[in-house]
Structure formats: structure tokens, C-alpha cells
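Take a look at the letters that make up each chain.
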Amino acid sequence: PVVTNATAYQVFGGYSFNLAGGTLGLAVTAPSSYASFDAGLAACPPGTPVGFATAVPYGVSCPGPVPPLSHSAVTLPQLGSTYQLEVANIPTGTIFGLLVFGFQQVTVDLTFLGMNGCFLHAQSDVIETRLVGGSSSVNHSVPIPASPSLTGVQLFSQGATLSAGFNPLGIVTSNGVRATLGF
């Protein structure tokens, strides 16, 4: 960190925080960043977990569809809110899709199933099937309880579609998204 005065610090060039007056303020100055936070920590009892909500894509989509199937967070997974996810670039003619949710990140090569170059990126704790109906994207909502005990819990997700012609099995997968629940 670069110290700019006794209570303000700049981190990673585009982010800064200020501890003046018993409050924590985070300022994002990088033009393409997606985050904001401003909370008074003086009211938090000692030992209270304080964590920022994040949603970060990881891994790769199956080769084949152009553009490739993509999975992203539309909103951050903040406690007491609804976390919005999107699967986009669904190939034309696709009728059926699914979303995989889990509490662990995995990397399983699915070539053995006939899904050449495709990977499972999220442990399959919950699988939700979806009718896509020819749409090029699908949104999904996950309600996040307002329980501070969930701060820091990670949720991994991935999209897949039944899309013929891209591999022998006819299923393509997206990248994964790693969400960390927080404020």
C-alpha cells in the first residue's frame, strides 16, 4: 500500500480506503471497476466479520459456439439482496439448459463424456434445469439471506445448454463464476 496520509491508503493503484473518524470508506477510482462500499465500522462489535461481496468469472467455456457460452454475475452477492446471474451467448436453436451450483470449485475435463474441450467448474450440489425457448440469454435469481454468519461463504456456479452439433454429446458448458457473499 501507498500511504497518502495518516488514515488514507491507496491499494493496487485504482482503489483507496480511509480510516478517518472510525469509519471505513472504500473508493474505486479505476474507470472499469465494479464495486462500491461505505460503512461505519464503529458500530460493529469486535470480531464481527467484515467482507466485501465479489463475483469473479473463472475457467473457460467449451470450444465451438461463436461467441462461446458465457456465465456472469449481473449483481453482487450481497447479504439481504437478490444475486442475479446470466448465461449468455446461447446457441441458436437451443431449447434446454441448466445451471449448476456448488460450494466448491472443481476442474473436471468432460472429454470422456464426448464433450471435447469442456470442463465442469462447479461442484454439482444443486442442478436447476431451464427451458431456454430459443432465447440467447437466461437470467437466474438467488435470494441471499441477511445473515452476517454467511459473510465469506463462497458459491460457485456454471451454465450449460443442450446444443447439438458442437461436440458428440451435444452439451456445451460455460465458464464458472465464484461468488463470495458479503456486504
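Conventions and cut-offs
- Residues numbered from 1 in each chain as written.
- Predicted model: local features only at pLDDT ≥ 70, side-chain atom pairs only at ≥ 80, totals over all residues.
- Heavy atoms only, no water.
- Disulfide = S-S within 2.5 Å.
- Helix = DSSP H or I, 4+ residues; strand = E, 2+ residues; numbered from the N terminus.
- Buried < 20%, exposed > 50% of the residue type's maximum accessible area, 1.4 Å probe, protein only.
- Patch = residues over 30% accessible without salt bridge, like charges linked within 9 Å, V, L, I, M, F, W, Y side chains within 5 Å.
- Areas by Shrake-Rupley, 256 points an atom, 1.4 Å probe, with all protein chains shown as cover.
- Salt bridge = Lys/Arg side-chain N within 4 Å of Asp/Glu carboxyl O.
- Phe/Tyr/Trp six-rings, centres within 6.5 Å; stacked < 30°, edge-to-face > 60°.
- 1 Å grid on protein atoms, 1.4 Å probe; cavity = no way out; pocket = protein on both sides within 12 Å on 5 of 7 lines; lining within 4 Å.
- Points joined across faces, edges and corners; volume = space filled by probe spheres on them.
- Nonpolar A, V, L, I, M, F, W, Y, C, P; charged D, E, K, R; others polar.
- Core = buried A, V, L, I, M, F, W, Y, C linked by side-chain atoms within 4.5 Å.
- Contact = heavy atoms within 4.5 Å.

Once that is clear, we can look at the state of the cysteines. Scanning the model with the defined rule gives one disulfide in all. Across a sulfur-sulfur distance of 1.8 Å, Cys 62 and Cys 118 are joined as a disulfide pair. Taking the torsion about the sulfur-sulfur bond, which here is approximately 135 degrees, the covalent link between Cys 62 and Cys 118 counts as right-handed. Linking Cys 62 in the loop between strand 6 (54-58) and strand 7 (70-73) with Cys 118 in the loop between strand 10 (105-109) and strand 11 (119-122), this pair joins segments that are 56 residues apart in sequence. The exposure class of Cys 62 is buried, given its relative accessible area of 2%. Taking the relative accessible area as the measure of exposure, Cys 118 reaches 0% and is therefore buried.

With that settled, consider unusual backbone geometry. Pro 67 follows Val 66 through a cis peptide bond whose omega is -5 degrees. Secondary-structure assignment places Pro 67 in the loop between strand 6 and strand 7.

Another aspect to go through is a nonpolar patch on the surface. A cluster of nonpolar side chains, Ile 95, Phe 96, Leu 131 and Leu 162, forms an exposed patch at the surface whose accessible area comes to about 420 Å². Inspection of the secondary structure puts Leu 162 in strand 14 (residues 154-162).

Before going further, it helps to spend a moment on the packing of aromatic side chains. Each aromatic ring pair is characterised by the separation of its centres together with the angle its planes make. This structure, assessed with the given rule, holds one aromatic pair. Judged by centre distance (6.1 Å) and plane angle (85 degrees), the ring pair of Tyr 58 and Phe 156 falls under edge-to-face. One end of the pair, Tyr 58, is in strand 6; the other, Phe 156, is in strand 14, and 98 residues separate them in sequence. The pair Tyr 58 / Phe 156 is uniform in exposure class, with both members buried.

For the rest of this paragraph, the subject is empty space enclosed by the protein. A water-sized probe, rolled over the atoms, reveals where empty space remains. The full count for this structure, using the stated rule, is one cavity of 30 Å³ or more. There is about 60 Å³ of room inside the largest cavity. Lining the largest cavity, in full, are Val 87, Ile 90, Gly 97, Leu 98, Leu 99, Arg 130, Val 132, Val 138, Ala 160 and Thr 161. Contributions of two or more residues to the lining of the largest cavity are made by strand 9 (96-102) and strand 14. Residue contributions to the lining of the largest cavity peak at three residues, all from strand 9. Residue classes in the lining of the largest cavity are distributed as seven nonpolar, two polar and one charged.

Moving on: the nonpolar core. Among the nonpolar cores identified, the biggest contains 21 residues, and Tyr 83, Ile 90, Phe 101, Val 142 and Ile 144 are the most heavily contacted of them. Mapped by element, the contributors of at least two residues to this core are strand 8 (82-88), strand 9, strand 13 (137-143) and strand 15 (171-180). Beyond its immediate stretch of four places on either side in the chain, Ile 144 contacts Gln 78, Leu 79, Gly 80, Ser 81, Tyr 83 and Leu 181.

Here we take up the side chain of Ser 174. On the secondary structure map, Ser 174 appears in strand 15. For Ser 174, a relative accessible area of 0% corresponds to the buried category. Not counting the four nearest positions on each side in its chain, Ser 174 is found in contact with Val 60, Ser 61, Leu 69, Ser 70, His 71, His 121, Gln 158 and Gly 159.

Attention shifts here to the environment of Leu 69. Mapped onto the elements of the fold, Leu 69 is located in the loop between strand 6 and strand 7. Among the residues examined, Leu 69 registers a relative accessible area of 1% and is labelled buried. Along the chain, Leu 69 and Thr 161 lie 92 residues apart, while their C-alpha atoms are 8.5 Å from each other.

Read these as layout, nothing more, since geometry by itself doesn't imply function.
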